[in-house]
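Close look at the chain arrangement
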Amino acid sequence: MTRGPAEECLLLENSVAGIPSGCKEAPASGEMERERNTVDKVYSIWKHTFWHGESDDFHYKITQGRQSLTSLSNPKTPAQLRPLTLVLHGPAGVGKTTLAKKWMLEWRQDSLSKTPQSAFYLSCKELTRQGTCTFAELIAKSRPEVREAEVLAQAQNVLFVVDGFEELRVPSGSLIHDICGDWKKQKPVPVLLGSLLKRKLLPKATLLVTTRPGALRELRLLAEQPVLLEVEGLSELGRRQYFLKHFGAGAQALRAFEAMRSSPALFRLGSAPAVCWAVCTCLRRQLEQGEDPAAACRTGTALFLRFLCGQVAPAAARGPLPAALRAASALAAAGLRAQTSALQAGDLERLGLKGSALRPFLDKGIVQEDADCEGCYAFVHLSVQQFLAAVFYVLDGEGREDAGRRAPDLGDLRALLSREARLRNPDLTAVGYFLFGLCNERRARELEATFGCRVSARVKRELLASLSGAGAPFSWTADLREVLHCLYESQEGSLVEEATAHVRELSLHLRNEVDLAHSSFCLQHCQHLQKVSLQVAKGVFVESGRASGSGSWVERWQHDHHALHLWAGLCSVFSSNKSLSSLDVSQSFLSPSSVRILCEQITRTSCHLQKVVIKNVSPVDAYRDFCLAFIGKKTLTHLTLEGGAHGDTMLLLLLCEALKHRTCNLQYLRLGSCSDILPQWDDFSLALKVNQSLQFLDLTASELWDEGVKLLCDTLRHPKCFLQKLSLENCHLTGACCKELSSALIVNQRLTQLCLAKNNLGDGGVQLLCEGLSYPDCQLQTLVLYQCSITRRGCKHIAKLLQGGSSLTHLDLGLNPIATGLWFLCEALKKPDCNLKCLGLCGCSIAPFCCQTLASALASNQKLEALDLDQNSLGPSGITVLLEALQQSRSPLKTLRLKMDESSGEIQELLQALKDSNPTLRVDCQNAKAARSSYDNFLFWTP
């Protein structure tokens, strides 16, 4: 005999919670031992955590569900370790209520206790609609036979199960402020339950609370040191066993299971037994009709629509089914708006509906009479309610009017999708996904064919408008994951193309297989995408997270096989999208297989990538694979390799081969602490001489030392070295290498930009540099000496260089203690032969009394266009002097950066007057808390 959804779901929930069918069979001895060990582990960690006060809470994941409160409530437990507050949290339908009731039964039947054990079940779903009452009346309603005096006398032996905390509907914060400790005082039920959780009522009782994750934050504000137990529902093995039991035939069951497994989002929902029942019911029909079950599992919308349509026979144009669909969908929408899963008959009347209209859905178990709340209706699972709520919003105008006199109109759709609404009510997020799914033309036709209800053509326009434009509910930056989920749910390539028409850059953080599936689908339809940034979390690919992986080897292999299939779809865009020119893969845990898939796409001639960043990627062998893929890649112009294995000889040799290849067009190369260059310098130097395209070499954070600089300078002096920009930031250099650098700068007339930031060069090193820079043959224009231990004496050498007609136009002396040397720089600025256009003095300890000297220099100088004085405490007086001087002079200055801790009315007036008199001057006076690298964003030191 085929079981209905209620019976089948109950059996599954019992198996998840560890209740034998009918409560007649006891667990096997081995299972009892595992149960005892698990509970003892929970108890011991709880005791260690709370008794010693080392943490606020403790998370424990329950995947098998066989737990007991006996150990946690044993009378032999030290009294000071109790009372206990346990919180079972997890998504809808995973068995929290069943598990709580099972523990409540164990509590009452505890044979170890010498005194009677009392347990009270309080359903928030049922009590939230009750008016004010006393706490005594509240518990009397749960257990009329138990007297108040008995409860008070044996409080330490009392268990309260507060089920469905998320169903409490009270103003935010009121549960915290309106607390009551009086049993006889009339209060709203939510306040009484809040007082119980706050332990103002029966402080010695044991509390067991169930809730969904969305209400966990508010619950933790009430509960005293709760032990948090996460109920995950059916494990992957449990889901597989359910399919085998439901189908009976192994081949069909496994085929259906793999179909659900191919949809990461649906597979995650399958941890709830009710969803497993819906999937099995739907796929059984698909297989019986000879259809591919994978098509129904592609998205949640496809599955629930097939499930819904399969439960009823196709209707004629008119009949009972259109009215039933409108009634059920209106009821679902009203429940979600009220943030409840239980609706009473009165709610139907307020919506202008009759209970009889729900009969087709009641007969099939899609809508059920709630067992915990008399006279209430509930949907078989939250996902079904969310899907039907989405159906309500997509019905055409006529259908929506028939659904009820007070039904919300289409104008509420944007409010429904707004970020504020989703923050207040997280359950609305899934409604948005289903709305996009129902915009699929095939789904719309299927809905109309079965129920005779048309999908409004306006819905798609409303949803597209929600993704773009000012003040839109969705944001492509803040809500990118949700946007991609919505677009994926539609399975409409044309809709994705239209929605992403303006998108040029995407930064994707792939945390799991669901993210991978959504990103893979959407990227293949982003026609105008130019840049993709990827961050892949550990565990997305099994090979990179094998040590921490769970489940059998076969399960891990199947997971990885499917993940690699999705990854291949994502990577295909690099060879199919001609506009895609930039790829950044950073902070990522890949696997050898996933790296090979990506590299295979990069090597294709149809791949037009120009800029590639590989930064902090594992495994380290991936860097070799990437370098091998770049050999002969003529479109590649910018390459960053950072964070690889230090001393990887093969990596550098492969890179040298790429540089020497006749089709190499690389212009920018950054090797940030990626490889030890010195042992292979001959190969690297030869590659630099052979290559005629490379203009910018960035060796930031490489262990070059002075010895390496000498080798580098030999290369720079070679007539076939075409480098124009060189960064040696933080390469452990000292002033001893500056003579070689100075010599190279005289010989090499192509090099125009040099960054020596964060090296301990000192004044002696600066003197040697200035000697080389003073030669007429030296063509250096940009010099970055940020944080190089330069003092007053070094400023004298720099000032002398600037006065001599040096080619320097950009100079950064940030984070050097040169305050007393500022006078020399100002004197140089006054000279007509000084060619500086940009000067960085960020964090140079410049005091207010120095501003008069600086103001005089600005008044005389006719070439300086940018000046950075950030992170200098100039004070109101110093800033006033500078602003007044700029207002009165004809300085060509276009950008001025200041640190302004306080802004008086006088300074504000000066800023406005300066803006009026010199509109081209931009004064940046934001209060930065940390020193910024001026050569990055002020002197325009860019690749």
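Up top you'll find the structure we're talking about.
Residues numbered from 1 in each chain as written. Predicted model: local features only at pLDDT ≥ 70, side-chain atom pairs only at ≥ 80, totals over all residues. Heavy atoms only, no water.

**Examining helix α19 (residues 382-394)**
An ideal rise of 1.5 Å per residue puts 18 Å on 13 residues; α19 measures up with 19 Å between its terminal C-alpha atoms. The buried fraction of α19 is high, at 13 of 13 residues. (Helix = DSSP H or I, 4+ residues; strand = E, 2+ residues; numbered from the N terminus. Expected span 1.5 Å × (residues − 1). Buried < 20%, exposed > 50% of the residue type's maximum accessible area, 1.4 Å probe, protein only.)

**Some words on the packing of aromatic side chains**
The full count for this structure, using the stated rule, is 18 aromatic pairs. Aromatic side chains F257 and F267 sit 5.8 Å apart centroid to centroid with 75° between the ring planes, which places their arrangement in the edge-to-face category. Residue F257 is found in helix α11 (residues 250-261), and its partner F267 is found in helix α12 (residues 264-269); the two are separated by ten residues along the sequence. The class of F257 is buried, set by a relative accessible area of 0%. (Phe/Tyr/Trp six-rings, centres within 6.5 Å; stacked < 30°, edge-to-face > 60°.)

**Digging into the pattern of salt bridges**
Overall, the coordinates contain 23 salt bridges when judged by the stated rule. Here E106 makes a salt bridge to K102, at a shortest N to O gap of 2.7 Å. Placement of the pair is E106 and K102 together in helix α3 (residues 96-108), with a separation of four residues, close to one helical turn. Owing to a relative accessible area of 10%, K102 belongs among the buried residues under this scheme. Here E166 makes a salt bridge to R212, at a shortest N to O gap of 3.7 Å. Remark: R212 occurs in the loop between β5 (206-211) and α9 (216-222) and E166 occurs in the loop between β4 (158-163) and α7 (174-177); sequence separation between them is 46 residues. Among the residues examined, R212 registers a relative accessible area of 16% and is labelled buried. One network of salt bridges, with partners in common, ties together R419, R422, D479 and E482. (Salt bridge = Lys/Arg side-chain N within 4 Å of Asp/Glu carboxyl O.)

**Some thoughts on the side chain of S727**
Here S727 is to be found in strand β17 (residues 725-727). We classify S727 as buried; its relative accessible area is 1%. A polar atom in the side chain of S727 sits 3.4 Å from the side chain of D698. A distance of 3.3 Å separates polar atoms of two side chains, one belonging to S727 and the other to T700. (Polar contact = N/O pair within 3.5 Å; in protein donor to acceptor, adjacent residues only side chain to side chain.)

These figures come from the coordinates and say nothing about function on their own.
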